[in-house]
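A closer look at the structure
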Amino acid sequence: MDFAFIFQTMKTLLAAVPMTLGLFFLSVSSGGLLALLIVWMRVAKNPILSNFAKGYIFVFRGSPLLIQMFLVFYGLGQFGFIRYSFLWPFLREPFVCAVLSLALCTAGYSAEIFRGGLRAVPAREIEAARSIGMSGFLLVRRIIGPIAFRHALPAYSTEIVMMVKSTALASLVTVWEVTGVAQRLISQTYRTMEVFLCAAVIYLVLNFLILQAMALLEYRLSHHRRAAVSRLP
Amino acid sequence: MVHEHSSDPSTATVNRLSVRNIRKKFGSLEVLRGISLEADDGDVISILGSSGSGKSTFLRCINLLEIADEGEIWVDGEHINMVKKHGKNMPASSKQVDHIRAELGMVFQSFNLWSHMTILQNVIEGPVHVLKRPRAECIAEAEALLEKVGIAEKRHAYPAHLSGGQQQRAAIARALAMRPKVMLFDEPTSALDPELVGEVLRVMRALAEEGMTMLVVTHEMNFARDVSNRVVFMREGQIDCTGAPPEMFSGESSPAFRQFIGNFRG
Ligand SMILES: Nc1ncnc2c1ncn2[C@@H]1O[C@H](COP(=O)(O)OP(=O)(O)OP(=O)(O)O)[C@@H](O)[C@H]1O
Ligand SMILES: [Mg+2]
């Protein structure tokens, strides 16, 4: 094994980690916020809102992320109102396009995950909150949200890990994150195995850290359930 | 012995709770068919009746978890305003709904504690976030309430840690923390193992002795006879008969009520 080469490759790839993390954090946070909006529409009584949300979720879960990304990257410029708007200097950036399509896509998945969490909130606990005079945003913030989030967390961890891996697609719209840099190295050195192995190790380490953080969060938010389990004989 | 009303709550001394001719349908099923009831300060009213007679629906209409199709409700002299929307009765103001609910303590058959909060957090939730009172003050009051219902040592436990009787006592403390004008109990002991019923009834009896105004839907005949000062017997969505426990239980009631309590003795 050529340790010198692997060391050099690692160094080059690690330099691209901030780009991967940037894609990841920006798209997960904005996608998460968008998901809250979508799930709010999805469970709304208004049929226009809920059907729009259903359509959104169907489109972004039902089509390949890569095609969504290409459509954003190559497609947005076709629209005059976008091309000549003040947003164009941003929207023409590959990084912005990648974040935008990653966020739009994860919002569709996350909205369904959050909806599952909402459905798991016991109606009785909501009723108890109403009976002391809670309603509207206070009810969501204090009772429905916290309970739903706890139920959604395991599935949401999976979505977050998927997002780390999905950032690799940004290489195809010329964002120089870890996978993109790896491919460039390969085209220069023709040493496919070593370079891709190094890249895989980097993704594994990132996901390991993220999963640890999510597990810790889940642990801290589930005292009440552990208590229930430990009572069993 | 159908209950009749003469006093007008807007002119007479203010009742804690006054309900006038409440009607409620679920689809074509008429669940409440004109119910009227008044509770003065310190009244403890037991509501009896067989399953499906509309007892829960009646309590739920009072604290607006269900909206009656017809009828008037006053809580502590305040009239609950209704409007017709698409031919359906609706509360005129959601603010008033929240305010009225905050004044009525509700205790459910299945406790309905918030599972992700400790007992203490359950009890201070309403005072801190609905009444917006200072947190430290709420904690002190909550600890006193938990002491009173006998589960102070469980204040940092989660509901799943507790027995049914302890959970129900915590739920009573949670309702009391709102300093309600009237407490509504919907079969508070029906989900409990027999040996746990007593501890909850003791708490309720102590409340009654302190002068809390209470409406109690129950199947506990001893509680109805010994603790309440009025018994209401509901049948098919109406008040079949009502009166003080001594008369009701000595046979001066309706045939249907005699048969009803006969089933309990038998
Ligand atoms: N949300 C609802 N939708 C449709 N029907 C309902 C609803 N709630 C209650 N009912 C019906 O109304 C009738 C009265 O119900 P309610 O729960 O008030 O009776 P109850 O006297 O409390 O009985 P129990 O002693 O079994 O608790 C029942 O026939 C019930 O099936
Ligand atoms: Mg009932």
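Chains are numbered independently. Their residues run from 1 in the order of the written sequence. Chains carry letters and ligands carry numbers; both start at the beginning, A for chains and 1 for ligands, and go up in the order they are written. Whole-chain, interface and lining totals are the exception, using all residues; otherwise, since this is a predicted model, local features are given only for residues with pLDDT of at least 70 and side-chain atom pairs are given and counted only at 80 or more. The basis for every side-chain value is the complete set of non-hydrogen atoms in the structure, without hydrogens or water.

1. Things to note about the overall build of chain A
Spelled out, the test is: Working definition: helices are DSSP H or I runs of at least four residues, strands are E runs of at least two. Numbering for both runs from the N terminus. In this scheme, a residue with accessible area under 20% of its type's maximum is buried, one over 50% is exposed, and one in between is partly exposed, where area comes from a 1.4 Å probe on protein chains only. Contact criterion: two residues are considered in contact whenever any of their non-hydrogen atoms come within 4.5 Å of each other. Accessible surface is estimated by sampling points in the Shrake-Rupley manner with a 1.4 Å probe; for residues, cover comes only from the protein chains shown.
Per the secondary structure count, chain A includes 12 helices and 0 strands. Mapped from its N terminus to its C terminus, chain A presents α and β elements in the order α-α-α-α-α-α-α-α-α-α-α-α. Across the 233 residues in chain A, those meeting the buried criterion constitute 45%. In chain A, the share of contacts with a sequence separation of at least 24, taken over all contacts with a separation of at least 6, comes to 76%. For chain A, the exposed area adds up to about 13000 Å²; of that, 71% sits on carbon and sulfur atoms.

2. A closer look at unusual backbone geometry
Phi is positive for T174 of chain A, which is not a glycine, with a value near 60 degrees. Mapped onto the secondary structure, T174 of chain A falls in the loop between helix 9 (136-166) and helix 10 (178-189). Positive phi outside glycine occurs at E187 of chain B, with the angle close to 45 degrees. For E187 of chain B, the position within the fold is in the loop between strand 9 (182-186) and helix 6 (194-209). For E187 of chain B, a relative accessible area of 12% puts it in the buried group.

3. Concerning the sheet that holds strand 4 (residues 70-75) of chain B
Residues and elements named next belong to chain B. This is how it is decided: We treat two strands as partners when DSSP finds at least two bridges between them.
An order of 2-1-4-5 is seen for the 4 strands of this open sheet, with the pairing classed as antiparallel. What marks the edges here is a single partner per strand, and that holds for strand 2 (29-39) and strand 5 (78-79). Summarising the sheet, strand 4 and strand 5 pair through 2 bridges and their orientation is antiparallel. From the neighbouring strand, W74 faces strand 5, where its bridge partner is H79.

4. Quick word on the side chain of T57 of chain B
Of note, T57 of chain B is situated in helix 1 (residues 55-62). Residues in contact with T57 of chain B, not counting those within four places in the same chain, are K24, F26, V31 and L32 of chain B.

5. Thoughts on the interface of chain B and chain A
Inclusion rule: Values labelled buried area give the accessible surface lost by two parts on being combined, using a 1.4 Å probe and summing over both. Salt bridges, as used here, are contacts in which a Lys or Arg side-chain nitrogen is within 4 Å of a carboxyl oxygen on Asp or Glu.
In this assembly, 25 residues from chain B lie in contact with 23 residues from chain A. Between chain B and chain A, a total of about 2200 Å² is buried, with carbon and sulfur atoms accounting for 59% of that surface. The interface formed by chain B and chain A holds 2 salt bridges in total. In this structure, the salt-bridge partner of R142 of chain A is E125 of chain B, at a minimum N-O distance of 2.6 Å.

6. Examining the layout of surface pockets
Residue and element names in this part refer to chain A. As a reminder, the rule being used: Here a cavity denotes grid points, spaced 1 Å and computed from the protein atoms alone, that fit a 1.4 Å probe unable to get out, and a pocket denotes an open set having protein on both sides within 12 Å along at least 5 of 7 lines; residues with an atom within 4 Å of a point are the lining. Grid points are joined across faces, edges and corners, and a volume is the space filled by probe spheres set on the points. Three classes are used, and their members are as follows: Ala, Val, Leu, Ile, Met, Phe, Trp, Tyr, Cys and Pro are nonpolar, Asp, Glu, Lys and Arg are charged, and the others, Gly among them, are polar.
Each pocket or cavity is described by its volume, and for the largest pocket that value is around 1100 Å³. Lining the largest pocket are 32 residues, with W40, L118, V140, I144 and G145 positioned closest to its centre. For the lining of the largest pocket, the element with the highest residue contribution is helix 9, accounting for 12 residues. Taken together, the residues that form the lining of the largest pocket break down as 21 nonpolar, 6 polar and 5 charged.

7. A few points about helix 8 (residues 123-131) of chain A
If you check which residues of helix 8 of chain A are buried, you get E125, I126, A128, A129 and S131 of chain A. Once helix 8 of chain A finishes, G133 of chain A follows within two positions and takes phi at roughly 100 degrees, a positive value.

8. What to know about the site of ligand 1
All names here are of chain B. The criterion, for reference: Throughout this document, a residue counts as near a molecule or strand when at least one of its heavy atoms sits within 4 Å of that molecule or strand. Here a polar contact means two N or O atoms within 3.5 Å. Within protein one must be a hydrogen donor candidate and the other an acceptor candidate, and residues neighboring in sequence count only if both atoms are side-chain atoms.
Taken together, 13 residues surround ligand 1, and among them S51, G52, K55, S56 and T57 come closest. Contacts to ligand 1 include G52, whose backbone N or O atom sits 2.9 Å from an oxygen atom. The backbone of G54 places a nitrogen or oxygen atom 3.0 Å from an oxygen atom of ligand 1. Here ligand 1, which alone exposes 630 Å², has 59% of that area covered by the protein. The element contributing the most residues to the shell around ligand 1 is helix 1, with 3 residues. Class assignment for the residues of the shell around ligand 1 results in 3 nonpolar, 8 polar and 2 charged.

9. Describing empty space enclosed by the protein
Residues and elements named next belong to chain B. Per the counting criterion, the structure on display carries 4 cavities of 30 Å³ or more. Looking at the largest cavity, the residues that line it are I22, A68, G71, E72, I73, I80, M82 and N89. If you tally residues by element for the lining of the largest cavity, the top one is strand 4, at 3 residues. Taken together, the residues that form the lining of the largest cavity break down as 5 nonpolar, 2 polar and 1 charged.

In short, geometric facts, not functional conclusions.
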